[in-house]
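# Summary of structural features
Listed below are the residues making up each chain.
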Amino acid sequence: MEGKQARTPLIAGNWKMHKTVAEAVELVEGLLKADLPAPVEVLVCPPFTALSEVAKIVAGTKIKLGAQNLHWEKQGAYTGEVSPVMLAELGCEYVIIGHSERRQYFGETDEAVNRKVKAALEHGIKPIICVGESLAEREAGVTEELIQRQVRAAIAGLSAAELASIVIAYEPIWAIGTGKTADGPEANRIGRLIRETIAAVDRAAGEVVRILYGGSVKPENFAEFAAQSDIDGALVGGASLKADQFAAIVRVAVV
Ligand code: 13P
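Attention here is on the structure that accompanies the text. All values reported here derive from a predicted model rather than from experimental measurement.

This paragraph deals with the overall build of the protein. When helices and strands are counted, the protein shows 12 helices and eight strands. Scaling as 2.2 N^0.38, a compact globule of 255 residues should have a C-alpha radius of gyration of about 18 Å, and the protein matches this with 17 Å. Taking the principal axes of its C-alpha atoms as reference, the protein extends roughly 45 × 45 × 40 Å. Here the protein, with 255 residues, has 53% of them falling under the buried criterion. Put simply, of all contacts in the protein between residues at least 6 apart along the chain, 73% involve residues at least 24 apart.

What follows is the structure, encoded as structure tokens:
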């Protein structure tokens, strides 16, 4: 097997700053009752406050646990931050890094993203690195250049083995929470560019790395993305907050 067939699809739910502990428990219990097809990796990324309770519920099930951010240090005087050691202790297998909301509202730089990626990998947590252009950047025609810069900066200094375990999410900022999406072939073109950027560092890693599309993904529009050669799943915001919708997206991922 090679190409897309060799890569397990990943459907990840980014719950952002939604769900109290009680609501998170209800959502994940609803997901466990849904029919989730075997050949898809299913991941939920609740807010920090709900990780511990959700971890207990998903332990030993098909659903995997991820966080939405982390600090690069193991411990220390970093008020308000959460370390990779703390996430690993809870059984987080993944962590979202460099989401555009963190870059936009919390000043996260490419350099910070790189430090976080390295810290996650050092603790056995797979980073889901988010990249994507704003509407102004898209209109200025700098999308490709920007995506390559974000990817290269995020993966700087990683070994070939580390590179093979990362996930990249292409999330055009103008498509997040807006109901607008890139079209399938356009997202695939950027997916291909991301793969080639990684392959330029390590050929084999470029083949195995999974690339997700994110931005207003819904059960009704995901088939167009799932069918693309260089898209291996989705990073879902709004539609991941409802068990039936998220489960429906997981079912669409089996193509
Ligand atoms: P929406 O699916 O709500 O557009 O959010 C996408 C996103 O930012 C996922 O990380």
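Taken together, N14, K16, H99, E171, A175, I176, G177, G215, S216, L235, G237 and G238 make up the full set of residues near the ligand. Taking H99, its side chain carries an N or O atom lying 2.8 Å from an oxygen atom of the ligand. For the ligand, the accessible surface in isolation is 310 Å², of which the surrounding protein chains cover 95%. The class makeup of the residues in the shell around the ligand is three nonpolar, seven polar and two charged.

Here the focus is the environment of G30. Structurally, G30 is set in helix α1 (residues 21-33). For G30, a relative accessible area of 23% gives the class partly exposed. Sequence separation of G30 and D244 is 214 residues, and the distance between their C-alpha atoms is 7.9 Å.

On to the pairing of strand β2 (residues 41-45), then. The buried count for β2 comes to five of five residues, which makes it a mostly enclosed element. Neither face of β2 is exposed, since E41, L43 and C45 on one face and V42 and V44 on the opposite face are all buried. At this point the chain moves from strand β1 (residues 10-14), through α1, to the parallel β2, and the crossover so formed is right-handed. As paired elements, β2 and strand β3 (residues 63-67) share three bridges and run parallel to each other. The residue of β3 that forms the bridge with V42 is I63. After leaving β2, the chain enters helix α2 (residues 48-58) and then returns to the sheet as β3, a path that is right-handed.

As a further point, take the packing of helix α5 (residues 110-122) against helix α7 (residues 143-155). Their axes nearest at 7 Å, the elements α5 and α7 cross at an angle of 40°. On the basis of their axis angle, the class for α5 and α7 is oblique. As α5 packs across α7, the resulting crossing turns out to be right-handed. Each of D110, V113, N114 and V117 in α5 lies in contact with α7, whose residues at this interface are R149, Q150, A153, A154 and I155. Within the contact of α5 with α7, the residues separate by chemical class into five nonpolar, two polar and two charged.

Thresholds applied
Residues numbered from 1 in each chain as written. Predicted model: local features only at pLDDT ≥ 70, side-chain atom pairs only at ≥ 80, totals over all residues. Heavy atoms only, no water. Helix = DSSP H or I, 4+ residues; strand = E, 2+ residues; numbered from the N terminus. Rg over C-alpha atoms; globule rule 2.2 N^0.38 Å. Buried < 20%, exposed > 50% of the residue type's maximum accessible area, 1.4 Å probe, protein only. Contact = heavy atoms within 4.5 Å. Near = heavy atom within 4 Å. Polar contact = N/O pair within 3.5 Å; in protein donor to acceptor, adjacent residues only side chain to side chain. Areas by Shrake-Rupley, 256 points an atom, 1.4 Å probe, with all protein chains shown as cover. Nonpolar A, V, L, I, M, F, W, Y, C, P; charged D, E, K, R; others polar. Right-handed = clockwise from strand over helix to strand, strands pointing away. Pairing = 2+ DSSP bridges. Axes fitted to C-alpha atoms, helices over the stretch in contact; angles between N-to-C directions. Parallel < 35°, antiparallel > 145°, perpendicular 65-115°, else oblique. Left-handed = near helix turned anticlockwise from the far one by under 90°.

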